[in-house]
2 protein chains.
Amino acid sequence: MTGTRVPTPTLERLAIYLRVLLDAQEAGIQTLSSQEIEEHSGISAAQFRKDLSYFGEFGKPGVGYSVPDLIQCIERILHLDEEQPVLLVGAGNLGAALVNYPNFKAHRLRIAAVFDNNYVKIGRPFGDLVIEDIARVKEVNAKIGARLAIIAVPAHAAQEVADMLVEAGITGILNFAPTVLRVPPHVHVRNVSILQELAVLSYHAVEQSVAYADGQATRGGKDGV
Amino acid sequence: MTGTRVPTPTLERLAIYLRVLLDAQEAGIQTLSSQEIEEHSGISAAQFRKDLSYFGEFGKPGVGYSVPDLIQCIERILHLDEEQPVLLVGAGNLGAALVNYPNFKAHRLRIAAVFDNNYVKIGRPFGDLVIEDIARVKEVNAKIGARLAIIAVPAHAAQEVADMLVEAGITGILNFAPTVLRVPPHVHVRNVSILQELAVLSYHAVEQSVAYADGQATRGGKDGV
């Protein structure tokens, strides 16, 4: 698959289809129509068919898509067909939520080690793991060989952690810290910004309420404000 | 601002600028150039100037942008100029991470109530709050008047929670559950999907490693695999 780069929006949709398909598999469902995938993914059936056509021929007319076949195909594209170890940095509340997150396993993702720089925490159990010193991340990952890591530390510490992860061979970082990380071009970062999401929602939520109040006022014969 | 809808990508960038500006303010910085904003936001100076021009005239040539003025402006656009109460549903590890998240306050976001359906948890303290019964969310929010809510419950419970939140007057939902929520058109949902982010990173991280190995092999005079 090297060379034919899959565009990121397509990858994002493939990840959504995969979740829908894994849910279906767990529910014992063997085939899904593109219409059913639309219903569960929120992505149109047309887009789904277009995305899949990019990778070859799938689905049988009148029968639908084989759930296990499609899972296998998408897992192969996303390189989730083998277990992917993931390093977690930050043994706080968010780290605890991640290490106990029940849905990683179905995606063949496994938090293989957890790190912190707090000497009170290092050596303590954390989920099924023991918290290790972030200073040892390169040494530890020489054995694990993880390419993926999650940063769940405060913003002021995130860049230093990112540098250490890159040095340890990590090429994909999921960053929860509200800061922009500087990484070499071969490293991909995806940011989860809770504040940014809430700020966008704040705009929509209030505009919506104002629009609604305007509508009410207009219906009541008053001027909209 | 009603009527002139701001496009979502613009809102997302405004939220990023706001974080950069609040960081600068905390560091005692009074003015920033668009170049400095590029450096801290990862968004080009040209895009920043274009986004701002949408809302009026800002910045002085050779001086830069006034940090407090720009904060005030962006907060007004995003409706973060007054405190926004936020409901949190799900008093698990993720909920704990959110309720203790130190960065809400600078954005004038405040988790005003936390709910769960687990009778063992209801009535217990959670951060500075006491966990309330999700069955009472409408009644509780009649007093709070929140428009925003965060869903931090397992996927199978998320739709029911969303229905209750909509019934309680919520118009903006930040959803951490790995499932697609069905809501009325006046309600906005933004999804934080940890699995989706990691799946996209998985593709990039492995492709990157393969590309790197190919490069090494080519430099070594062997065929790329």
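Only a predicted model underlies this, so the values are computations on that prediction, with no experimental measurement involved.

Thresholds applied
Residues numbered from 1 in each chain as written. Chains lettered and ligands numbered in written order. Predicted model: local features only at pLDDT ≥ 70, side-chain atom pairs only at ≥ 80, totals over all residues. Heavy atoms only, no water. Helix = DSSP H or I, 4+ residues; strand = E, 2+ residues; numbered from the N terminus. Buried < 20%, exposed > 50% of the residue type's maximum accessible area, 1.4 Å probe, protein only. Contact = heavy atoms within 4.5 Å. Buried area = accessible area lost by both parts, 1.4 Å probe. Salt bridge = Lys/Arg side-chain N within 4 Å of Asp/Glu carboxyl O. Polar contact = N/O pair within 3.5 Å; in protein donor to acceptor, adjacent residues only side chain to side chain. Nonpolar A, V, L, I, M, F, W, Y, C, P; charged D, E, K, R; others polar. Least-squares fit on C-alpha atoms with pLDDT ≥ 70 in both. pLDDT = per-residue confidence, 0-100. Pairing = 2+ DSSP bridges. Axes fitted to C-alpha atoms, helices over the stretch in contact; angles between N-to-C directions. Phe/Tyr/Trp six-rings, centres within 6.5 Å; stacked < 30°, edge-to-face > 60°. Parallel < 35°, antiparallel > 145°, perpendicular 65-115°, else oblique.

### Considerations on the overall build of chain A
Inference 1: Within chain A, the regular secondary structure consists of 8 helices and 9 strands.
Inference 2: With 225 residues in all, chain A has 51% of them scored as buried.
Inference 3: Here the analysis covers contacts within chain A between residues at least 6 apart in sequence; of these, 57% occur between residues at least 24 apart.

### Describing the environment of B:Ala96
Inference 1: Relative to the helices and strands, B:Ala96 resides in helix H5 (residues 93-99).
Inference 2: Along the sequence, B:Ala96 and B:Glu12 sit 84 residues apart, while their C-alpha atoms lie 25 Å from each other.
Inference 3: In this structure B:Ala96 touches A:Asn93 and B:Phe126, once residues within four positions along its chain are discounted.

### Considerations on the interface of chain B and chain A
Inference 1: Taken residue by residue, the interface counts 67 residues in chain B and 68 residues in chain A.
Inference 2: For the pair chain B and chain A, the two sides together bury roughly 6,500 Å², of which 66% comes from carbon and sulfur.
Inference 3: If you look at where chain B meets chain A, you find 2 salt bridges.
Inference 4: A salt bridge links A:Arg190 to B:Glu197; the shortest N-O distance between them is 2.4 Å.
Inference 5: The interface formed by chain B and chain A includes 22 residue pairs in polar contact (both at pLDDT 80 or more).
Inference 6: Elements with a minimum of two residues in the side of chain B that touches chain A: helix H1 (8-26), helix H2 (34-41), helix H4 (67-78), H5, strand E7 (148-151), strand E8 (172-175), strand E9 (188-191) and helix H8 (194-219) of chain B.
Inference 7: Tallying contributions element by element places H8(B) first for the side of chain B that touches chain A, with 18 residues.
Inference 8: In terms of residue class, the side of chain B that touches chain A is made up of 34 nonpolar, 23 polar and 10 charged.

### Describing the relation of the copies chain B and chain A
Inference 1: Of the transformation superimposing chain B on chain A, the axial component is 0.0 Å and the angular component is 180°, with the fit at an RMSD of 0.0 Å. On this basis, the relationship between the two copies can be described by a two-fold rotation axis.

### Examining the confidence of the model for chain A
Residues and elements named next belong to chain A.
Inference 1: Per-residue confidence for chain A averages 87 on the pLDDT scale, and 90% of its residues sit at or above 70.
Inference 2: Confidence scores differ between elements of chain A, with helix H8 (residues 194-219) showing the lowest mean pLDDT of 73 and helix H6 (residues 137-144) the highest of 98.
Inference 3: pLDDT under 50 marks residues 217-225. Its contacts with residues more than four places away, or in other chains, come to 4 contacts.
Inference 4: Per the prediction output, this complex has pTM 0.84; the corresponding ipTM is 0.83.

### Quick look at the sheet that holds strand E7 (residues 148-151) of chain A
Residue and element names in this part refer to chain A.
Inference 1: Read across the open sheet, the 7 strands follow the order E5-E6-E4-E3-E7-E8-E9; overall the sheet is mixed. Each of the sheet's edge strands pairs with one partner strand only, and the pair in question is strand E5 (125-126) and strand E9 (188-191).
Inference 2: Across 6 bridges, the pairing between strand E3 (residues 84-89) and strand E4 (residues 109-116) is parallel. Note on E4: the bridge partner recorded for Val-89 is Phe-115.
Inference 3: On top of the sheet, helix H7 (residues 155-167) reaches E3, E7 and strand E8 (172-175); it is set at about 165° to E7, its chief contact.

### As for the packing of aromatic side chains
Residues and elements named next belong to chain B.
Inference 1: For the coordinates displayed, the defined rule picks out 6 aromatic pairs over all chains.
Inference 2: With a centroid separation of 4.8 Å and an interplanar angle of 80°, the aromatic rings of Tyr-17 and Phe-48 are classed as edge-to-face. Note that Tyr-17 is positioned in helix H1 and Phe-48 in helix H3 (residues 45-53), a separation of 31 residues in sequence. Per residue, the accessibility class of Tyr-17 equals that of Phe-48, and both read buried.
Inference 3: A ring pair is formed by Phe-48 and Tyr-65, whose centres lie 5.0 Å apart and whose planes are at 75°; its orientation type is edge-to-face. Of the two residues, Phe-48 is situated in helix H3 and Tyr-65 in strand E2 (residues 65-66); the sequence distance between them amounts to 17 residues.

### Description of the packing of helix H1 (residues 8-26) of chain A against helix H3 (residues 45-53) of chain A
Residue and element names in this part refer to chain A.
Inference 1: Where H1 contacts H3, the axes come no closer than 11 Å and their chain directions differ by 110°. As far as their axial angle goes, H3 and H1 are roughly perpendicular. Where H1 abuts H3, its residues Thr-10, Arg-13 and Tyr-17 lie against Gln-47, Phe-48 and Asp-51.
Inference 2: Of the residues that constitute the contact of H1 with H3, the class distribution is 2 nonpolar, 2 polar and 2 charged.

### What to know about unusual backbone geometry
All names here are of chain A.
Inference 1: You will see that His-79, though not glycine, has its phi angle at about 60°, which is positive.
Inference 2: Locating His-79 in the fold gives a position in the loop between helix H4 (67-77) and E3.
Inference 3: According to the relative accessible area criterion, His-79 is buried, its value standing at 17%.
Inference 4: For Arg-108, which is not glycine, the phi dihedral falls at a positive 60°.
Inference 5: For Arg-108, the location among the structural elements is in the loop between helix H5 (93-99) and E4.
Inference 6: Given a relative accessible area of 33%, Arg-108 falls into the partly exposed group.

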